[in-house]
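# Remarks on the overall topology
Okay, here's what each chain looks like letter by letter:
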Amino acid sequence: MTEINNIKKKPGFMFSLALMIALCTVVITPYVLWRTNMAATFFLSYLFVIPACMSLGYSYQELEKAVFENASKVISSVFILLAVGGMVGTWIAAGTVSSIVYIGLQLITPKLFLLITFIIGSLYAIACGTSWGTLGTIGIAMSAVGTGLGVPPAMTAGAIVSAAFLGDSFSPMSDSPNLESAIAGVNVMDHVRHMAKIQIPVFVIGAAFYAAVGFGQSGSGQIHNETTDMIISTLSGNYHIGFIAFLPALAVLILLLLKKSAVISILISSITGVIVACIYQGAGLKTALERFWSGVKSNTGVGLVDTLLSRGGVTSLFSSAALYLITFGLIGILTKAGILDAVIEPLVNKVKSGFQLLITTIFTGFIGDAVGCSGSFAYIFTGNLLKPVYKKMNVSDLDLARNMGCSVTPLGPLIPWNVNAVIALDLLGVSCIQYAPYCVQAYLMPLMLIAFFVFRSKKTEEKSL
């Protein structure tokens, strides 16, 4: 009797597809209608996903084990996420964000704002190797500057998100290129150099786009107006503006450049922020520590400034952390039961040419982003599924790593329930639906990848002739 109960059924395509459609419906519908937190609906979806997988012969204990094992894979990412939240709170308390905004409003012209935001954000993400850290630091500061200059928040968010994920995907210190390299079995520096053929043209075209959009803004030639002057005076009246306020930012930058642990680097930046808040800004130690944990509730009396500075704290990202853990647990169930493989296998089996393989990689990466709600899952899902196909077709592992990097990384921030889009919303206050038209890296990277493949194929044909 025990042997019969242990027999597992392989899920069919229609069964797996129906389950995935049901899952997406349960999660997406409440979000679209009522903006319900997706962590809640993903968690509730366990109630029908587990019984569906148990019908294939899996025990509850087996599925529960899959949940814990898969969720454990993202613990390090969760700690980074929570540390970033705490760092944001201490940066605000230390006057770091206020100083960046103050100087930005003094120096940046509105017409060049989007271009400068894109360049600074990209360089910061490359240097620090963190898209989330870029969103939570440079992103928040430039959002504030953009508001003061009268730039639409959607445009600013688009430039910031583009910069953060473009730079992150090109940084050897980032989890993304390292994970891509590990899955594909290549050296990370070789992968980064291979990516440069796509990334550099994307950066140039993206910079041209933001320059054109910035110069095309009507009435954006005035650097100072009543709003910016009000922000400048309010910030200088409530915070000491100066070099010392930048010490928390310098701390994390130096540590990450030295390739120290991301969590430790961010926490050291946070404690530096606490010290600066106490000594330079005159905050009490209790208050500064509360800013780290609970964030800042600004009360300057100026609504716009209070909105800009009321954020951060470890607790502010608990919901995003919960979404990460819950969705990865759910992925563990779906992977254990073979549901994900059953959905994608028919597509993979039809791949016959290099171009089809490229398109399949982009599509599979998008599915991984959508179903797994994170780049980490999408890399694992796409790489493990397609690596045998790449090997069978004698396509380079470097191409596999690059193709994943040019599809998974840029497309994730465009999916509302993907953790990258959720974090962008939490930190910048702009939804992916709003910033999508201005998030050019999301479109340029896969398009440039396709264009590069076509160009390379034509050169190969010409040589053979």
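Parameters and conventions
Residues numbered from 1 in each chain as written. Predicted model: local features only at pLDDT ≥ 70, side-chain atom pairs only at ≥ 80, totals over all residues. Heavy atoms only, no water. 1 Å grid on protein atoms, 1.4 Å probe; cavity = no way out; pocket = protein on both sides within 12 Å on 5 of 7 lines; lining within 4 Å. Points joined across faces, edges and corners; volume = space filled by probe spheres on them. Helix = DSSP H or I, 4+ residues; strand = E, 2+ residues; numbered from the N terminus. Nonpolar A, V, L, I, M, F, W, Y, C, P; charged D, E, K, R; others polar. Bend = angle between axes of the 7 residues up to and from the residue. Buried < 20%, exposed > 50% of the residue type's maximum accessible area, 1.4 Å probe, protein only. Core = buried A, V, L, I, M, F, W, Y, C linked by side-chain atoms within 4.5 Å. Contact = heavy atoms within 4.5 Å. Salt bridge = Lys/Arg side-chain N within 4 Å of Asp/Glu carboxyl O. Expected span 1.5 Å × (residues − 1). Arc of directions from axis to C-beta. pLDDT = per-residue confidence, 0-100. Axes fitted to C-alpha atoms, helices over the stretch in contact; angles between N-to-C directions. Parallel < 35°, antiparallel > 145°, perpendicular 65-115°, else oblique. Left-handed = near helix turned anticlockwise from the far one by under 90°. Phe/Tyr/Trp six-rings, centres within 6.5 Å; stacked < 30°, edge-to-face > 60°.

### Quick notes on empty space enclosed by the protein
Applying the stated criterion across every chain yields a total of two cavities of 30 Å³ or more. Taken as a whole, the largest cavity encloses approximately 50 Å³ of empty space. What lines the largest cavity is Leu23, Cys24, Val27, Ile28, Phe42, Ala370, Val371 and Trp417. Contributing elements (two or more residues each) for the lining of the largest cavity: helix H2 (13-34) and helix H20 (354-372). For the lining of the largest cavity, the residue count by class is eight nonpolar, no polar and no charged. As a volume, the second largest cavity reaches approximately 30 Å³. Looking at the second largest cavity, the residues that line it are Tyr31, Pro416, Ala421, Val422, Leu425, Val430, Ser431 and Cys432. Per element, the largest residue contribution to the lining of the second largest cavity is three residues, and it comes from helix H24 (residues 419-428). Considered class by class, the residues forming the lining of the second largest cavity number seven nonpolar, one polar and no charged.

### Considerations on helix H9 (residues 131-149)
An α-helix turns once per 3.6 residues; consequently, residues spaced three or four apart project the same way. The largest bend in H9 amounts to roughly 40° and is located at Gly139. Taken across its 19 residues, H9 has 18 buried, putting it largely inside the fold. Looking one or two residues past H9, Gly150 carries a phi angle of roughly 80°, positive in sign.

### Topic: the nonpolar core
Phe42, Val101, Leu135, Ile333, Leu334 and Tyr435 are the most contacted members of the largest nonpolar core, which has 139 residues in total. In terms of residue count, the dominant contributor to this core is helix H6 (residues 75-94) (10 residues). Setting aside anything within four residues of it in sequence, one finds Phe42 in contact with Leu23, Val27, Leu323, Ile326, Thr327, Leu330, Cys373 and Trp417.

### Describing the pattern of salt bridges
Counting across every chain of the model gives five salt bridges. Measuring nitrogen to oxygen at the nearest pair gives 2.6 Å for the salt bridge that ties Lys286 to Glu290. In this pair, Lys286 and Glu290 both sit in helix H16 (residues 285-294), four residues apart, roughly one turn of the helix. Given a relative accessible area of 60%, Lys286 falls into the exposed group. Across the salt bridge formed by Arg402 and Asp399, the nearest N and O atoms sit 3.3 Å from each other. With Arg402 and Asp399 both in helix H22 (residues 397-405), this residue pair falls three residues apart, about one helical turn. Residue Arg402 shares its accessibility class with Asp399, and that shared class is buried.

### A short note on unusual backbone geometry
Phi angles above zero are rare outside glycine, and Asn394 is one such case at about 60°. For Asn394, the position within the fold is in the loop between helix H21 (375-392) and H22.

### Details of helix H5 (residues 60-71)
For H5, which comprises 12 residues, the first-to-last C-alpha distance of 16 Å matches the rise-based estimate of 16 Å (1.5 Å per residue) to within 8%. Considered for burial, the residues of H5 that qualify are Leu63, Ala66, Val67, Asn70 and Ala71. End-on view of H5: buried residues confined to an arc of 115°, all on one side of the axis. Away from its buried face by more than 90 degrees, H5 exposes Gln61, Lys65 and Phe68. Check the buried side of H5 and you find it contacts helix H4 (46-54), H6 and helix H18 (318-336).

### Topic: the confidence of the model for the protein chain
For the protein chain, the mean per-residue pLDDT works out to 83, and 93% of the residues sit at or above 70. When pLDDT is averaged over each element of the protein chain, H4 comes out on top at 94 and helix H1 (residues 2-5) at the bottom at 46.

### Here's the deal with the packing of helix H11 (residues 175-184) against H21
Put simply, H11 and H21 touch, their axes get as near as 9 Å, and they point 20° apart. Classified by the angle their axes make, H11 and H21 are roughly parallel. Relative to H21, the crossing made by H11 is right-handed. Residue-level contacts link Ser176, Leu179, Glu180, Ile183 and Ala184 of H11 to Ser376, Tyr379, Ile380, Gly383, Asn384 and Lys387 of H21.

### A word on the layout of surface pockets
Within this model, the largest pocket holds a volume of roughly 630 Å³. Ser77, Asp168, Ser174, Asp175 and Ser176 are the residues nearest the centre of the largest pocket, which is lined by 33 residues in total. Per element, the largest residue contribution to the lining of the largest pocket is four residues, and it comes from H21. Class assignment for the residues of the lining of the largest pocket results in 16 nonpolar, 11 polar and six charged.

### Section: the packing of aromatic side chains
Inspection of every chain in the model, using the stated rule, returns six aromatic pairs. Pairing Phe209 with Tyr210 gives two aromatic rings, centres 5.1 Å apart and planes at 80°, and the pair type is edge-to-face. Overall, Phe209 belongs to the partly exposed group, its relative accessible area being 28%. Aromatic side chains Trp293 and Phe318 sit 5.8 Å apart centroid to centroid with 80° between the ring planes, which places their arrangement in the edge-to-face category. Of the two residues, Trp293 sits in helix H16 while Phe318 sits in helix H18, which places them 25 residues apart along the sequence. For Trp293, a relative accessible area of 44% puts it in the partly exposed group.

### Things to note about the packing of H21 against H22
Look at H21 against H22: their axes get within 11 Å of each other, and the N-to-C directions meet at 150°. The orientation of H21 with respect to H22, classified from their angle, is roughly antiparallel. Read as a crossing pair, H21 and H22 show a hand that is right-handed. Note on element contacts: H22 touches H21 through Asp397, Asp399, Leu400, Asn403 and Met404, opposite Tyr379, Thr382, Gly383, Lys387 and Tyr390. Split by residue class, the contact of H21 with H22 holds four nonpolar, three polar and three charged.

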